[in-house]
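If you want the building blocks of each chain, they are given just below.
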Amino acid sequence: MAEHAKTIAAAVTAAEQRVLERLLRGLSNRAIATELVLSPRTVESHLSHLLAKTGCSSRTQLLLWALAER
C-alpha cells in the first residue's frame, strides 16, 4: 500500500502539486486560480486529475490523502 502511495505521489505533476498545496491552505478554486494566475477551469481540471490519480471521490478525501502524504 505504501509503495502504491509513493507511485501516485510521483505521478502528480508540478502544476497539480501547486494546486494541492493551496487546497491544503483552505483556498477556494477561485482563490487558487487568482494566486496561481490560472483560470478557475484550469484549477478544476488539475483537481479532477488529482482525484482520478489518487482514487479519491471528494475534495475532503483528497485533502486527507495529501495530509497523509506529508
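Check the entry above for the structure.
Residues numbered from 1 in each chain as written. Predicted model: local features only at pLDDT ≥ 70, side-chain atom pairs only at ≥ 80, totals over all residues. Heavy atoms only, no water.

*Asks:* I'm lost on helix 4 (residues 40-54) in this one. Help?
*Replies:* Count 3.6 residues to each turn of an α-helix, and residues three or four apart come out pointing the same way. The end-to-end C-alpha separation of helix 4 is 21 Å, in line with the 21 Å expected for 15 residues at 1.5 Å each. Of all the residues in helix 4, the buried ones are V43, H46, L47, L50 and T54. The buried residues of helix 4 all sit within an arc of 95° when viewed along its axis, so they share a single face. Across helix 4 from its buried face, at more than 90 degrees, point the exposed residues R41 and A52. G55 sits one or two positions beyond helix 4 and adopts a positive phi of about 80°. (Helix = DSSP H or I, 4+ residues; strand = E, 2+ residues; numbered from the N terminus. Expected span 1.5 Å × (residues − 1). Buried < 20%, exposed > 50% of the residue type's maximum accessible area, 1.4 Å probe, protein only. Arc of directions from axis to C-beta.)

*Asks:* Even after reading the chapter, I still don't get the pattern of salt bridges, so can you show me in this structure?
*Replies:* Proximity of charged atoms lets side chains of opposite charge pair with each other. Going through the model one piece at a time under the given rule, you end up with five salt bridges. Taking the shortest distance from any N to any O, the salt bridge between E16 and K53 comes out at 2.8 Å. Of this pair, E16 sits in helix 2 (residues 14-24) while K53 sits in helix 4, placing them 37 residues apart in sequence. For K53, a relative accessible area of 30% corresponds to the partly exposed category. E35 is paired through a salt bridge with R22; the nearest N and O atoms lie 2.9 Å apart. Of this pair, E35 sits in helix 3 (residues 29-36) while R22 is found in helix 2, placing the two residues 13 residues apart along the sequence. For E35, a relative accessible area of 37% corresponds to the partly exposed category. Judged by relative accessible area, which is 16%, R22 ranks as buried. Overlapping salt bridges, with partners in common, bring together E21, R22, R25 and E35 in one network. (Salt bridge = Lys/Arg side-chain N within 4 Å of Asp/Glu carboxyl O.)

*Asks:* It is not clear to me how the nonpolar core should be interpreted in this structure. Could you clarify?
*Replies:* Note that soluble globular proteins tend to have their nonpolar side chains buried in a common cluster. One finds L20, I32, L47, L62 and W65 to be the most contacted residues of the largest nonpolar core, which totals 15 residues. At the level of elements, helix 2, helix 3, helix 4 and helix 5 (59-69) are the ones that each hand at least two residues to this core. (Core = buried A, V, L, I, M, F, W, Y, C linked by side-chain atoms within 4.5 Å.)

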